[in-house]
Amino acid sequence: MSADTAALEERIAHLQRVVEDLSDTVARQDQEIALLTRRVALLLEREAARQDEGTGGVVMGDERPPHY
């Protein structure tokens, strides 16, 4: 086996390892994104329910709070 072949095999092995590492990273990030997406959806649902109930509003400017 020539030195060129050995060098190519070494590069291929290195690239395969990098591809596997990147694949693992992408899979982990996909799980994290899915979890965060579910959490954001839950928070949006909670906020919509709170707005429907009429509580948790923010007083803007010279608006009087509802208890006056």
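Right above here is the structure, for reference.
To keep things clear, this report deals only with the structure shown in the data block. What you see is a predicted model, and the numbers here were worked out from it, not measured in a lab.

Parameters and conventions
Residues numbered from 1 in each chain as written. Predicted model: local features only at pLDDT ≥ 70, side-chain atom pairs only at ≥ 80, totals over all residues. Heavy atoms only, no water. Helix = DSSP H or I, 4+ residues; strand = E, 2+ residues; numbered from the N terminus. Buried < 20%, exposed > 50% of the residue type's maximum accessible area, 1.4 Å probe, protein only. Areas by Shrake-Rupley, 256 points an atom, 1.4 Å probe, with all protein chains shown as cover. Expected span 1.5 Å × (residues − 1).

Time to look at the overall build of the chain. Helices and strands together make up the secondary structure of the chain, namely 1 helix and 0 strands. Across the 68 residues in the chain, those meeting the buried criterion constitute 0%. Entry remark: accessible area of the chain is about 6600 Å², with carbon and sulfur atoms responsible for 57%.

Taking 1.5 Å as the rise per residue, helix H1 (residues 3-53) with 51 residues should run 75 Å; its terminal C-alpha atoms sit 75 Å apart, in good agreement. Of the residues one or two after H1, Gly54 is the one with positive phi, at around 80 degrees.

None of the figures reported here should be taken as evidence of function without further support.
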